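A look at the structure
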Amino acid sequence: MKLKSFLAMITTAVALGLGMMASAPATFADGYQRVKTTWQSSPNVFQVKSQYKNRKVYLWNSTHTKKILQLNNYPNTNWYRNHTYTYRHNGKLSVYYGINGWTPNNQYTQKGIVWRGYLRPGYNTNYKVWNNLQPGNFSNNQEYAKYIQEPPSQHFSKMVLKLFPNTPLSWKLTSERDAFPVQTNPTTGVKSLPSFTDVIVFPSVDKYFDRAFYKQDVSDQKRLKLVKAALEKAGYNQAKRNTLKDYQIGIFYFDKHHQEAVDQYPGIVLGKPINK
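Now for a description of the structure that goes with this document. The shown structure was predicted, so the numbers you read here are calculated from the model rather than taken from an experiment.

**A short note on empty space enclosed by the protein**
- Following the criterion strictly, the structure yields one cavity of 30 Å³ or more and no others.
- The space that makes up the largest cavity amounts to roughly 70 Å³.
- Forming the boundary of the largest cavity are T174, R177, D206, G250, I251, F252, Y265, P266, G267, I268 and V269.
- Residues of the lining of the largest cavity, tallied by class, amount to six nonpolar, three polar and two charged.

Have a look at this one:
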């Protein structure tokens, strides 16, 4: 995902705190020996696994000699990984993630390391306190559908999805539209993404999703009317939309432009999943 300035702040902060690469094994006071350090090409979002929600999961300093904080005391926080460390302790190898937390109030927690077995990939699922999340860091359709339903920032998304009553929401299609260019077969003209064919995009519709360019103070109802008019002009009136049972729909919307000059492909996309 191209998270631009937001991720640049995260990667810079973690790089300064934890270091970029380990050139040699390091042994610390309590017997932990760091034998490998890997820099992540882009931060990944993690959460404490459900089976550890009521147990003490600690963030340690980089030498594994001091507890910094208890992750369970930050139930609404998203944890961002920027390093992966391998440690040797008592003859056994274990993998830790170098992480720091990001709260709904845009505050960072301290940086440290945590055993990877405590974590699962994906956003914090308390979406009522999280708005304007990037689609690429969700884990599945269920999480993304729950996100669309709960936070205030997605009220407009819910309204648009009702225009396609027989077309299921797809997180994968949403994230692929944002991460990959749509390819067009030069012979058939069919558009595709890695997991979808017969892809349909609506530039005339998408412009109303992009608050970096289209009026900030337009109400959701007014914006919806503009979207409906653009769909009908493109040949997708309600009768046509009702027939799209073989398609899935991706949707991406921020109710503000998220500190970016341009949102990454806000709007809707239709596509038929490729059976692999």
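**Examining the sheet that holds strand β11 (residues 196-201)**
- The sheet built from three strands is open, its strands ordered β11-β13-β12 with antiparallel pairing. What marks the edges here is a single partner per strand, and that holds for β11 and β12 (248-252). Adjacent strand axes in the sheet meet at a mean angle of 25 degrees when their direction is disregarded.
- Pairing between β11 and strand β13 (residues 267-273): four bridges, direction antiparallel.

**Describing a positive patch on the surface**
- A cluster of like positive charges, contributed by K215, K222, K225 and K228, occupies part of the molecular surface.
- Among the secondary structure elements, K215 is positioned in the loop between α5 (203-206) and α6 (220-233).

**Considering the pattern of salt bridges**
- On inspection of all chains with the given rule, the structure shows three salt bridges.
- The partner of E143 in a salt bridge is R120, with the nearest N and O atoms 3.7 Å apart. Here the residue E143 occupies a position in helix α2 (residues 141-149), and R120 occupies one in strand β8 (residues 119-121), the gap between them amounting to 23 residues.
- The salt bridge partner of K272 is D198, with a shortest N-O separation of 3.6 Å. One end of the pair, K272, is in strand β13; the other, D198, is in strand β11, and 74 residues separate them in sequence.
- For D198, a relative accessible area of 27% corresponds to the partly exposed category.

What counts and how
Residues numbered from 1 in each chain as written. Predicted model: local features only at pLDDT ≥ 70, side-chain atom pairs only at ≥ 80, totals over all residues. Heavy atoms only, no water. 1 Å grid on protein atoms, 1.4 Å probe; cavity = no way out; pocket = protein on both sides within 12 Å on 5 of 7 lines; lining within 4 Å. Points joined across faces, edges and corners; volume = space filled by probe spheres on them. Nonpolar A, V, L, I, M, F, W, Y, C, P; charged D, E, K, R; others polar. Pairing = 2+ DSSP bridges. Helix = DSSP H or I, 4+ residues; strand = E, 2+ residues; numbered from the N terminus. Axes fitted to C-alpha atoms, helices over the stretch in contact; angles between N-to-C directions. Patch = residues over 30% accessible without salt bridge, like charges linked within 9 Å, V, L, I, M, F, W, Y side chains within 5 Å. Areas by Shrake-Rupley, 256 points an atom, 1.4 Å probe, with all protein chains shown as cover. Salt bridge = Lys/Arg side-chain N within 4 Å of Asp/Glu carboxyl O. Lys, Arg positive; Asp, Glu negative; His and termini not counted. Charge placed at Lys NZ, Arg CZ, Asp CG, Glu CD. Buried < 20%, exposed > 50% of the residue type's maximum accessible area, 1.4 Å probe, protein only.

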